[in-house]
Amino acid sequence: MLRIQNIKLPIAYTQKDLIRACEKVLRRTGLPEVRILRRSLDSRKKDRIHYHISAGVFGLTEAEEKKIIRLVNNNNVMLTKPVKYQFPAGKKTASDRETNPFYEGKEIRPIIIGTGPAGYFAGLVLAEAGYHPILLERGKPVEERSIDVNSFWEGGKLDPESNVSFGEGGAGTFSDGKLYTGNKDKDGVQQFVLDTFHRFGASSRITYDAKPHIGTDVLYRIMQNMRRAILDAGGTILFSHRVTSIQKDPDGYTVFGISSDPEKGETTFQYQTPAVILAIGHSARDTFAMLNEQGIAMEKKPFAVGLRIEHPRSLIDHARYGDMAGQLPAADYKLVAHTSENRAVFSFCMCPGGYVVNASTEEGGIVVNGMSYSGRSGDNSNSAIVVNILPEDIPGDQPMDAITYQRALEHAFYQAGEGRIPVQRLEDFVQDRSGNLSATVHPSIKGKYQTANLRDCLPDTLSRAIIEAMSEFDREIPGFAMNDAVLSGIESRTSSPVRILRNDKLQALDHQGLFPCGEGAGYAGGIMSAAVDGIRVAEKVAEHLSDL
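### Focus on the overall build of the chain
Argument step 1. The number of helices and strands found in the chain is 12 helices and 24 strands.
Argument step 2. Seen along its three principal axes, the alpha-carbon backbone of the chain occupies a region of about 70 × 65 × 40 Å.
Argument step 3. When each of the 548 residues of the chain is scored for burial, the buried share is 56%.
Argument step 4. Within the chain, contacts between residues separated by at least 24 positions form 71% of all contacts whose residues are at least 6 apart in sequence.
Argument step 5. As presented, the chain carries roughly 23,300 Å² of accessible surface, and 47% of it is formed by carbon and sulfur atoms.
Argument step 6. Side chains of the chain give 64 positive and 68 negative charges; the mean places of these two sets differ by 8 Å.

### Notes on the nonpolar core
Argument step 1. In terms of nonpolar packing, the biggest core is built from 75 residues, with Ile111, Ile246, Leu291 and Phe480 touching the most fellow members.
Argument step 2. What Ile111 contacts, discounting residues up to four positions off in sequence, is Ile134, Leu136, Val255, Phe269, Tyr271, Thr273, Ala275, Val276 and Ile277.
Argument step 3. Formed by 52 residues, the second largest nonpolar core is a distinct cluster that contains Cys517, Ala524, Ile527 and Ala530.

### Overview of empty space enclosed by the protein
Argument step 1. Counted under the stated rule, the structure contains 2 cavities of 30 Å³ or more.
Argument step 2. Estimated volume of the largest cavity: approximately 50 Å³.
Argument step 3. Along the walls of the largest cavity sit Gly116, Pro117, Tyr120, Gly169, Gly172, Thr173, Phe197, Leu219, Met223, Met226 and Ile527, which together make up its complete lining.
Argument step 4. Those elements that place two or more of their residues in the lining of the largest cavity are α3 (117-128) and α6 (216-232).
Argument step 5. Looking at side-chain class alone, the lining of the largest cavity contains 7 nonpolar, 4 polar and no charged residues.
Argument step 6. Considered as a void within the structure, the second largest cavity measures approximately 30 Å³ in volume.
Argument step 7. If you trace the second largest cavity, you find it lined by Asp148, Val149, Phe152, Leu158, Asp159, Ser162, Asn163 and Val164.
Argument step 8. Residues belonging to the lining of the second largest cavity are distributed by class as follows: 4 nonpolar, 2 polar and 2 charged.

### Looking at the pattern of salt bridges
Argument step 1. With the rule as written, the count across this model stands at 35 salt bridges.
Argument step 2. The salt bridge involving Glu62 is made with Lys66; its shortest N-O contact spans 3.2 Å. Highlighted residues: Glu62 and Lys66, both in helix α2 (residues 62-72), separated by 4 residues, approximately one helical turn.
Argument step 3. The closest approach of N and O atoms between Lys140 and Asp159, which form a salt bridge, is 3.9 Å. Taken together, the residues Lys140 in the loop between β6 (134-136) and α4 (142-153) and Asp159 in the loop between α4 and α5 (189-199) connect sequence positions 19 residues apart.
Argument step 4. On the basis of relative accessibility, which here comes to 23%, the residue Asp159 falls in the partly exposed class.
Argument step 5. By sharing partners, the salt bridges in this structure join Arg285, Glu362, Arg407, Glu410 and Arg493 into a single network.

### Structural notes on the sheet that holds strand β17 (residues 368-371)
Argument step 1. Spatially, β17-β16-β20 is the arrangement adopted by the 3 strands of the open sheet, whose pairing is mixed. Bordering the open sheet on either side are β17 and β20 (445-446), each of which pairs with just one other strand.
Argument step 2. Bridging between strand β16 (residues 355-358) and β17 involves 4 bridges; their strand directions are antiparallel. Bridge pairing in β17 links Val356 to Gly370.

### A word on the pairing of strand β18 (residues 380-389)
Argument step 1. Counting buried positions along β18 yields 10 of 10 residues, so the element is predominantly enclosed.
Argument step 2. Burial along β18 is two-sided: Asn380, Asn382, Ala384, Val386 and Asn388 facing one way and Ser381, Ser383, Ile385, Val387 and Ile389 facing the other are all buried.
Argument step 3. Here strand β13 (residues 303-312) runs beside β18; their pairing, made up of 10 bridges, is antiparallel. Each residue of the ladder has a partner; that of Val305, found in β18, is Val387.

### Examining the confidence of the model for the chain
Argument step 1. Looking at the chain, pLDDT values average 93 and 95% of them are 70 or higher.
Argument step 2. The low-confidence segment residues 97-103 (pLDDT under 50) makes 20 contacts with residues lying over four places distant or belonging to another chain.

### So, helix α9 (residues 400-416)
Argument step 1. In this model α9 runs 25 Å from its N-terminal to its C-terminal C-alpha over 17 residues, within 8% of the 24 Å that 1.5 Å per residue would give.
Argument step 2. Buried within α9 we find Met400, Ala402, Ile403, Tyr405, Gln406, Leu409, Glu410 and Phe413.
Argument step 3. Of the residues flanking the end of α9, it is Glu418, one or two places downstream, whose phi is positive at about 50°.

### Here we look at the side chain of Glu519
Argument step 1. Mapped onto the elements, Glu519 comes out in the loop between β24 (514-516) and α12 (527-546).
Argument step 2. Once you skip the residues sitting within four places of it in the chain, Glu519 turns out to touch His282, Thr494, Ser495, Ser496, Ala524, Gly525 and Gly526.

### Quick notes on the sheet that holds strand β3 (residues 50-58)
Argument step 1. Read from one edge to the other, the open sheet built from 4 strands follows the order β2-β3-β1-β4, with strand pairing classed as antiparallel. Only two strands of the sheet have a single neighbouring strand rather than two, namely β2 (33-42) and β4 (77-79). Averaged over neighbouring strand pairs, the angle between their axes works out to 25° when direction is ignored.
Argument step 2. With 6 bridges connecting them, strand β1 (residues 2-9) and β3 associate as antiparallel partners. Across the sheet, the residue bridging to Arg3 is Gly56, located in β3.

### Some words on the side chain of His311
Argument step 1. Tracing the backbone shows His311 in strand β13.
Argument step 2. Once residues within four sequence positions are removed from consideration, His311 is found in contact with Ile316, Asp379, Asn380, Ser381, Gly479, Phe480, Met482 and Ala485.

### A few points about unusual backbone geometry
Note on backbone geometry: most residues besides glycine have negative phi, and most peptide bonds are trans.
Argument step 1. Cis geometry marks the peptide bond from Gly489 to Ile490, where omega comes out at 10°.
Argument step 2. Positive phi, normally seen in glycine, also occurs at His132, with a value near 50°.
Argument step 3. Along the chain, His132 falls in the loop between α3 and β6.
Argument step 4. The backbone of Arg376 shows a phi angle near 45°, a positive value even though the residue is not glycine.
Argument step 5. Here Arg376 lies in the loop between β17 and β18.
Argument step 6. By relative accessible area, Arg376 is classed as buried at 12%.

What counts as what
- Residues numbered from 1 in each chain as written.
- Predicted model: local features only at pLDDT ≥ 70, side-chain atom pairs only at ≥ 80, totals over all residues.
- Heavy atoms only, no water.
- Helix = DSSP H or I, 4+ residues; strand = E, 2+ residues; numbered from the N terminus.
- Buried < 20%, exposed > 50% of the residue type's maximum accessible area, 1.4 Å probe, protein only.
- Contact = heavy atoms within 4.5 Å.
- Areas by Shrake-Rupley, 256 points an atom, 1.4 Å probe, with all protein chains shown as cover.
- Lys, Arg positive; Asp, Glu negative; His and termini not counted.
- Charge placed at Lys NZ, Arg CZ, Asp CG, Glu CD.
- Core = buried A, V, L, I, M, F, W, Y, C linked by side-chain atoms within 4.5 Å.
- 1 Å grid on protein atoms, 1.4 Å probe; cavity = no way out; pocket = protein on both sides within 12 Å on 5 of 7 lines; lining within 4 Å.
- Points joined across faces, edges and corners; volume = space filled by probe spheres on them.
- Nonpolar A, V, L, I, M, F, W, Y, C, P; charged D, E, K, R; others polar.
- Salt bridge = Lys/Arg side-chain N within 4 Å of Asp/Glu carboxyl O.
- Pairing = 2+ DSSP bridges.
- pLDDT = per-residue confidence, 0-100.
- Expected span 1.5 Å × (residues − 1).
- Axes fitted to C-alpha atoms, helices over the stretch in contact; angles between N-to-C directions.

Here you go:
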């Protein structure tokens, strides 16, 4: 394949424009096939916004490619071989081990706890490699889960087992669906994740855009398609099965699950397996407590907490695109500031044209998150503005103390909003006073909300850090610190506050066969990194099972 880099095209380019640009660089017409490999929008100069594109030319012979390289003598043209990820399945599949004496002739099947990005990608690659995994999910399939979530947002009762965090797809299902990461893709596993999402229903744009996103409406369909693929490949998925015990036996693990669906009653699940993947997500606090009680080594880890801020989408778009605003997709931003008190303040999970959502999982606590649909066409753009929390900031020296810290903040915000999301104008937050919202920025919130003074429930150190950072953010995006910007809180689940320790085989310390995985275990921070970690852990599971 010939790769051509640094192609500049206008925002309204066509495929013909791309082909002509490649032909001009290569000094050749009639190229067999041209595909975009990577595309990014350059808006640094608002009067000359354009795309930077890397394209691949396919279908030429090796001799033709080498001849073109010699002819053009251009550093932007190179010979490359696409890196295609292949799951390195072990020497034995599940059916090959049916006569293992430790399991009395039963087929050995790995157990995966959780069906978020980490759990589903681990399940998919293991199922398609012939390992017949069993996936246990405490929540419901996405069709039923969506009904529960929308009912809660409209004022219904919170279902602690079926909400924005728990259920098929994990917390990512009700999010912006961002798929980018700053990590290098040396073996093509990130591209495999993108291609897999495209395979199950996402736009082809996610396979080459520099900042790909899916949107919650498309993720809804993708989760259903991934489920069918896992089932068709011989996997089993059990919804409404919350794991309450994982016991280590001499020859493996016995997993106890319990169905929490009141309509079906409480049915138990028990299975013995030598391989358990813990893809439990960052909000499974009861599972963390169970693992801690059973002696699974874990530690407090850094995370961040703060508030969501909403601005009119038009303000952010104009700040980023100038007169081109309205002709381009909703603009995003990434902001970082370091305060005089040595705190890092940064934007997190920015949702262009999106919504703030009530993402609570426990009675008596409020949690907010951001969500966008694929079109990102909402009136407001929002982002979390969060402050770093270090382990030494948290009272106590036990891992579960970090969860206690989170829970206390969520309870304070619940009290401030009287069970609803508490919201406040930025000017009132800065002045530490109560006040009402203005007509300038109307909140785009999924869930009930009411005004409150957020300073009353946020630690002073965090409030001061956010206020100080606002001035710096306003210099980068004029109008960011507008008085009528709407704040809401609390954003407390940016990542897991604990890490389950694992060795170089990705197994829990002193617990062979137990594989902590993804965001909940402390090894990922978003859909892409969680999916990649799920695949990496699945590789180790296959290796582990092959050695039995």
